[in-house]
Each structure stands twice: as structure tokens, then as C-alpha cells.
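# A look at the structure
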Amino acid sequence: MDLENNILKEKTLSVIIVSYNSQGYLKSCLDSLIAASPDLDYEIIVVDNNSTDGSAALVKKKYAHVRLIQNSSNEGFSKATNQAIRFSSSAHILLLNSDCEVFGGSLEKMIDFASVHEKIAVLGPKILNSDGSLQLSCRKFPSFFTAAAHLIMSSLNPNNSFSNHYKMAHIDKSRPFAVDWVSGSCMLIKRAALADTGLFDENYFMYVEDTDLCRRMWQKGWQVYYFPYSQVMHHVGKSTNDGQTRACIRMQKSVLYYFLKYNKRSIKVLLTPFLLIVLGLKIVLTFLKDNLKKNKDI
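Heads up: these notes are all about the structure in this document. (Residues numbered from 1 in each chain as written. Predicted model: local features only at pLDDT ≥ 70, side-chain atom pairs only at ≥ 80, totals over all residues. Heavy atoms only, no water.)

### Some details on the overall build of the protein
To keep things clear, this is the line we draw: In this text, helices come from DSSP runs of H or I with a minimum length of four residues, and strands from runs of E with a minimum of two, each type numbered from the N-terminal end. For this measure, only C-alpha atoms enter the radius of gyration; the expected value for a globule follows 2.2 Å times N^0.38, where N is the number of residues. Each residue is placed in one exposure class: buried if its accessible area under a 1.4 Å probe, protein chains only, is under 20% of its type's maximum, exposed if it is over 50%, and partly exposed if it falls in between. Residue contacts are counted whenever heavy atoms from the two residues lie within 4.5 Å of one another. Areas reported here follow the Shrake-Rupley algorithm with a probe of radius 1.4 Å; residue values treat only the protein chains shown as occluding. Charged residues are defined narrowly, with Lys and Arg counted positive, Asp and Glu counted negative, and His plus the chain ends left uncounted. Charged side chains are reduced to one point each, which is NZ for Lys, CZ for Arg, CG for Asp and CD for Glu.
Counting secondary structure elements, the protein contains 10 helices and 12 strands. Taken against the 2.2 N^0.38 rule, which gives 19 Å for 298 residues, the C-alpha radius of gyration of the protein at 19 Å falls within 12% of a compact globule. With respect to the principal axes defined by its C-alpha atoms, the protein has extents near 50 × 50 × 35 Å. The buried share of the protein, taken over its 298 residues, is 52%. Intrachain contacts of the protein at a sequence separation of at least 6 include 78% that bridge at least 24 residues. In the form shown here, the protein has an accessible surface area of approximately 14100 Å², with 55% of it arising from carbon and sulfur atoms. Between the mean site of the 35 positive side-chain charges and the mean site of the 27 negative ones, the protein shows a separation of 6 Å.

This is how it looks when you write it as C-alpha cells:
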């Protein structure tokens with residue numbers, strides 16, 4: 001489908017929510033959108049990845065204005081998002097995790113800012129954790145060494161210098177600025193840019209697809225910005241219904257694919273065995289940490 005020709009006059013924004021067994025959070029997410037009452041011509045599209053908790057039934061019963069796509073299996077984030085983008089009809093697309101809640105006025109501010117900056121393709125708002133603390137949602141493209149150090153050290157000491165550098169922890173975030181990539185948990189994208197770069201790479205089932213898309217945006221001459229004047233709250237990890245170890249395995253598969261995708265024709269590909277060791281160690285550390293926590297909770 002021609003994405004540029006799919007822009008219809010009556011819609012400014014399509015809010016896309018991929019849902020999988022997160023009914024309670026999905027309800028809060030949809031309620032926050034309704035409460036925010038964006039002063040925009042917008043639509044909401046929920047893609048349900050074969051949830052078994054009644055999520056699809058909830059949307060049908062309580063949110064008749066929401067467009068629902070029901071999959072017969074869990075298609076993952078990238079494929080489900082692409083489904084909704086092709087189904088949508090707007091100049092701007094907002095990806096929103098089902099475990100996010102939108103603050104009033106935020107969507108209008110993002111659209112206004114993106115509209116007056118022609119080269120900005122992707123915009124990420126300020127994201128808050130459940131306790132109101134700042135989520136480090138804009139990051140650098142990591143070098144091989146920085147990525148390896150972050151993967152290992154984040155399990156041992158989350159506040160280590162490698163992770164802080166990668167997460168841009170010490171950079172002033174009070175004003176908009178260009179960044180390498182922003183979190184796909186809440187991300188505004190211009191349809192015209194997607195028509196230029198292509199949709200999400202469906203080889204990523206979940207995780208790292210946001211990094212990949214932003215990288216392709218920069219390669220095509222578009223820009224990615226962090227925009228703190230809009231805010232959402234993100235209850236981290238509640239939209240996936242995965243345990244920490246399973247989520248970590250999914251993440252490391254995506255990291256490996258990302259590395260090979262961009263380095264298969266580079267001498268860096270020779271570092272693949274070392275990367276496999278690092279990724280395996282990350283999974284082991286996560287497994288041990290996860291089980292230690294479970295034992296403490298007993």
C-alpha cells in the first residue's frame with residue numbers, strides 16, 4: 001500500500017495500541033486518551049495479539065469508537081504495528097503501549113511541534129515511571145563496546161557509567177533536542193517519513209525495532225527528537241505479559257539481529273562470537289536475579 005497516498009484529509013492523528021493480555025492497563029490507557037480529549041481529528045486503533053484475558057471483548061463493549069484489529073495469534077510488536085499503520089488514515093501516527101497513560105494537551109503539543117519542523121520524523125515525549133520519576137527514554141546508538149558493557153553492567157549495577165552514557169542520564173532534558181533514538185513505548189511518527197524509510201522491520205518480534213527505525217530515519221536524512229513538553233506515564237513491562245527472563249531472551253535475540261543487520265558486511269562481524277557470549281551472560285544474570293527475587297518474595 002502506498003503510505004503517502006493513504007493520508008486522508010479527515011484525520012490528523014492515528015493512535016496505535018498493540019495489546020496482549022494487558023486488559024486492566026489497556027482500559028487505563030484508553031480512558032486516559034478519552035479524558036485528555038485531544039483537540040485533533042484523530043482515531044484510535046487497537047491491535048489485539050490474541051489475548052486470552054478479554055481485552056478484545058472489553059474494547060468491543062466499552063469503546064465502540066475504537067477500531068479493533070484481532071489477530072488469531074501473537075504476531076509480536078513490529079508486525080502488529082505495521083498492520084495498524086496500513087489500516088490507518090492520517091498524516092501522523094502515535095505508537096502507544098497499552099501500559100501507558102497520556103497527559104492532557106500532550107498530543108496536540110507533539111503534533112504542533114512536528115508540523116512546524118519539516119525534517120523531524122520521530123518525536124518522543126517525556127516518559128514518567130509509575131512513581132513519577134523520569135524514565136530514560138531517549139538514548140544513543142551504542143558502539144559495540146558500550147553495548148556489551150551496558151548489557152553486563154546493567155544487571156550488576158544499573159547506575160554504572162556505561163549505561164548512564166548510553167541512556168543519556170546526565171544530559172539536560174528540559175528542552176527539545178535531537179537524539180539518536182527514542183522509546184517506541186510512545187513515539188510520534190510522520191507518515192511521509194515512513195513512506196521514505198519503510199515500516200518496522202518484522203524480523204524483530206519485540207524490542208530494538210524502535211532503535212532500528214530511528215537509525216533508518218537518520219540514514220534517510222530525517223531527524224529524531226526528544227520533546228519534554230508532552231508527557232506520558234509508562235508502567236514498564238506491563239504490556240508484554242512476559243517474565244523478566246523471557247523478556248530478556250527476546251531482547252537479546254533482537255540485539256543479535258540488529259548487530260548482524262548493520263555489521264554483516266563489516267569487519268565487526270568477526271565480533272559475533274564475543275557478542276553471543278555477552279548476550280548469553282546477560283540472560284544468565286537476569287535468570288539468577290529473577291529467581292533470587294522470587295525466593296525473597298516467598
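So, next bit.
### Quick word on the state of the cysteines
Our working definition: Cysteine sulfur pairs qualify as disulfides if the two atoms are within 2.5 Å.
Applying the stated criterion across every chain, the model contains 0 disulfides. Sulfur of Cys-29: no disulfide; nearest cysteine sulfur belongs to Cys-100 and is 6.6 Å away. What makes Cys-29 buried here is its relative accessible area of 0%. Cysteine Cys-214 is unpaired, with the sulfur of Cys-138 as its nearest cysteine sulfur at 11 Å.

### Focus on helix α2 (residues 55–62)
Here is the rule we go by: Directions are taken from the helix axis to each C-beta atom, and the arc is the one they span.
Inspection of α2 places Ser-55, Ala-56, Leu-58 and Val-59 among the buried residues, and these make up the whole buried set. Projected onto a plane normal to the axis of α2, the buried residues spread over an arc of 160 degrees and lie on a single side. Within α2, the exposed residues directed more than 90 degrees away from the buried face are Lys-60 and Lys-61. On its buried face, α2 sits against β1 (13–19), α1 (23–36), β2 (42–48) and β3 (67–70).

### Section: the environment of Phe-141
Following the sequence through the fold, Phe-141 ends up in the loop between β8 (138–139) and α5 (144–156). For Phe-141, the contacting residues outside a window of four places in its chain are Asp-180, Trp-181, Thr-211, Cys-214, Arg-215, Trp-218 and Tyr-258.

### Description of the nonpolar core
For clarity, the threshold we go by: Buried Ala, Val, Leu, Ile, Met, Phe, Trp, Tyr and Cys residues that are joined via side-chain atoms within 4.5 Å together make up what is termed a nonpolar core.
With 32 residues, the main nonpolar core has Val-122, Met-187, Ile-189 and Met-217 as its most contacted residues. In terms of residue count, helix α3 (residues 76–87) provides more of this core than any other element does, 4 residues in total. Sequence-distant contacts of Met-187, that is, excluding residues within four places in its chain, are made with Ile-93, Leu-94, Leu-95, Val-122, Leu-123, Val-182, Phe-200, Asp-210, Leu-213 and Cys-214. Counting residues in each nonpolar core, the second largest holds 31 residues, with Leu-33, Leu-40, Leu-58 and Leu-107 among its members.

### Structural notes on the packing of α1 against α2
Using the following cut-off: For every element, the axis is a line fit to its C-alpha atoms; helices are fit only across the contacting stretch, and the angle between N-to-C directions ranges from 0 to 180 degrees. Here the word oblique covers every angle except those under 35 degrees (roughly parallel), over 145 (roughly antiparallel) and from 65 to 115 (roughly perpendicular). For any pair of crossing helices, the crossing counts as left-handed if the nearer helix is rotated counterclockwise from the farther one by less than a right angle, and right-handed if it is rotated clockwise.
Interaxial distance between α1 and α2 falls to 9 Å at its minimum, and their mutual angle equals 30 degrees. As far as their axial angle goes, α2 and α1 are roughly parallel. Judged by the twist between their axes, the crossing of α1 over α2 is right-handed. Contact with α1, carried on its side by Gln-23, Leu-26, Lys-27 and Leu-30, involves Ser-55, Leu-58 and Val-59 of α2 and no other residues of that element.

### Section: the packing of aromatic side chains
Defined as follows: Pairs were defined over the aromatic rings of Phe, Tyr and Trp, the Trp ring being its six-membered one, requiring ring centres within 6.5 Å. Orientation was assigned from the angle between planes: stacked under 30 degrees, edge-to-face over 60, tilted for the rest. A ring is considered to have a charge above it if a Lys NZ or an Arg CZ atom is located within 6 Å of its centre and within 35 degrees of its normal.
Applying the stated criterion to the full structure yields 11 aromatic pairs. Geometrically, the ring pair formed by Phe-113 and Phe-227 is tilted, given 4.7 Å between the ring centres and 35 degrees between the ring planes. Of this pair, Phe-113 sits in helix α4 (residues 106–116) while Phe-227 sits in strand β12 (residues 223–234), and the two are 114 residues apart along the sequence. The pair formed by Phe-113 and Phe-227 is uniform in burial state, with each residue classed as buried. Centre to centre, the rings of Phe-227 and Tyr-229 are 5.4 Å apart; their planes meet at 75 degrees, and the pair counts as edge-to-face. Residue classification places Tyr-229 among the partly exposed positions, given a relative accessible area of 41%. Every member of this aromatic cluster is reached through a ring pair, and the members are Phe-113, Tyr-225, Phe-227 and Tyr-229. Over the ring of Phe-87 we find Arg-67; its NZ or CZ atom is 4.1 Å from the centre of that ring. The ring of Trp-222 has Lys-119 sitting right over it, with the charged end atom 4.6 Å from the ring centre.

### A word on the side chain of Ser-14
Put simply, the test is: Counted as a polar contact is a pair of N or O atoms within 3.5 Å, where, for protein atoms, one must be capable of donating a hydrogen and the other of accepting one, and residues adjacent in sequence contribute only when both atoms are in side chains.
Among the secondary structure elements, Ser-14 is positioned in strand β1. Since its relative accessible area comes to 0%, Ser-14 is described here as buried. There is a polar contact of 2.4 Å between the side chain of Ser-14 and the side chain of Glu-43. Sequence-distant contacts of Ser-14, that is, excluding residues within four places in its chain, are made with Glu-43, Ser-88, Ser-89, Ser-90, His-92, Ile-93 and Leu-94.

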